[in-house]
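# Close look at the chain arrangement
Chain by chain, the residues run as shown.
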Amino acid sequence: MPINKIGKQAKNMPSQVEAAFASDNNMLLFPAGLCSRRGDDGAIRDLDWKASFIKQSVRTERDIVPIHFMAQNSDRFYNVARWCKRLHLPNLAMALLPDEMWRSQGGHYRVVIGKPIPHQTFTRDRSPHAWAQWVKEQVYLL
């Protein structure tokens, strides 16, 4: 399902999301909403994960299968992203992603698929946001 990262979403986007979650189709979500970034410590990691996938998992009774795709972009990508953030500029690094994909052609990556997390796991003893960060931690442990 396409997501418009630089403009307005289509008017029927909420109904498309609803239909996707209500279906039996597998879905791949990127809960951070952006590519990983290099932190001040030099480590590359996701930004804060959004809670919407937890809310939808509980609401539609869909389990979550954690997947850790281990790869990284070029230093150029991470440097542009950092400068854009520091200078309060738009996410110009996003424009580099097609070139990043092209440059990685023929590369080798490690993909680890974890055990499904039942939707019943996400109880009310934590907020959806706290559960999202917990799932993020589980993915990083893979």
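Keep in mind that this is a model prediction, so the values were computed, not measured.

Rules behind the numbers
- Residues numbered from 1 in each chain as written.
- Predicted model: local features only at pLDDT ≥ 70, side-chain atom pairs only at ≥ 80, totals over all residues.
- Heavy atoms only, no water.
- Helix = DSSP H or I, 4+ residues; strand = E, 2+ residues; numbered from the N terminus.
- Buried < 20%, exposed > 50% of the residue type's maximum accessible area, 1.4 Å probe, protein only.
- Contact = heavy atoms within 4.5 Å.
- Salt bridge = Lys/Arg side-chain N within 4 Å of Asp/Glu carboxyl O.
- Axes fitted to C-alpha atoms, helices over the stretch in contact; angles between N-to-C directions.
- Parallel < 35°, antiparallel > 145°, perpendicular 65-115°, else oblique.
- Nonpolar A, V, L, I, M, F, W, Y, C, P; charged D, E, K, R; others polar.
- Arc of directions from axis to C-beta.

### Quick word on the environment of phenylalanine 122
Along the chain, phenylalanine 122 turns up in the loop between β4 (110-113) and α5 (128-141). Owing to a relative accessible area of 8%, phenylalanine 122 belongs among the buried residues under this scheme. Residues phenylalanine 122 and isoleucine 44 lie 78 residues apart in sequence; the distance between their C-alpha atoms is 27 Å. Leaving out residues up to four positions away in the same chain, phenylalanine 122 has contacts with Ile54, Ser57, Val58, Ile64, Ile117, Trp131, Trp134 and Val135.

### Observations regarding the pattern of salt bridges
Applying the stated rule across the entire model yields seven salt bridges. Residue arginine 45 pairs with aspartate 41 through a salt bridge whose shortest N-O separation is 3.0 Å. Here aspartate 41 falls in the exposed class, since its relative accessible area comes to 56%. Of the charged contacts, one joins glutamate 100 and arginine 76 as a salt bridge, the two residues approaching to 3.5 Å between their closest N and O atoms. Here glutamate 100 is found in helix α4 (residues 97-103), whereas its partner arginine 76 is found in helix α3 (residues 75-86), with 24 residues between them in sequence. Members of the salt-bridge network, linked through shared partners, are Arg76, Asp99, Glu100 and Arg103.

### Description of the packing of helix α2 (residues 52-60) against α5
At a minimum axis separation of 8 Å, α2 and α5 run at an interaxial angle of 105 degrees. The pairing of α2 with α5 is recorded here as roughly perpendicular in orientation. Here α2 contributes Phe53, Ile54 and Lys55 to the contact with α5, which in turn contributes Pro128, Trp131, Ala132 and Val135. Taken together, the residues of the contact of α2 with α5 break down into six nonpolar, no polar and one charged.

### What about helix α1 (residues 13-22)?
Within the span of α1, buried status applies to Met13, Ala20 and Phe21. Across the axial projection of α1, the buried residues extend over an arc of 95 degrees, all falling on one side. Next to the buried residues of α1 lie α2.

### Details of unusual backbone geometry
Positive phi is not limited to glycine here, since glutamate 61 has a value of about 55 degrees. Mapped onto the fold, glutamate 61 is located in the loop between α2 and β3 (67-70). Classification of glutamate 61 by relative accessible area gives exposed; the value is 58%.

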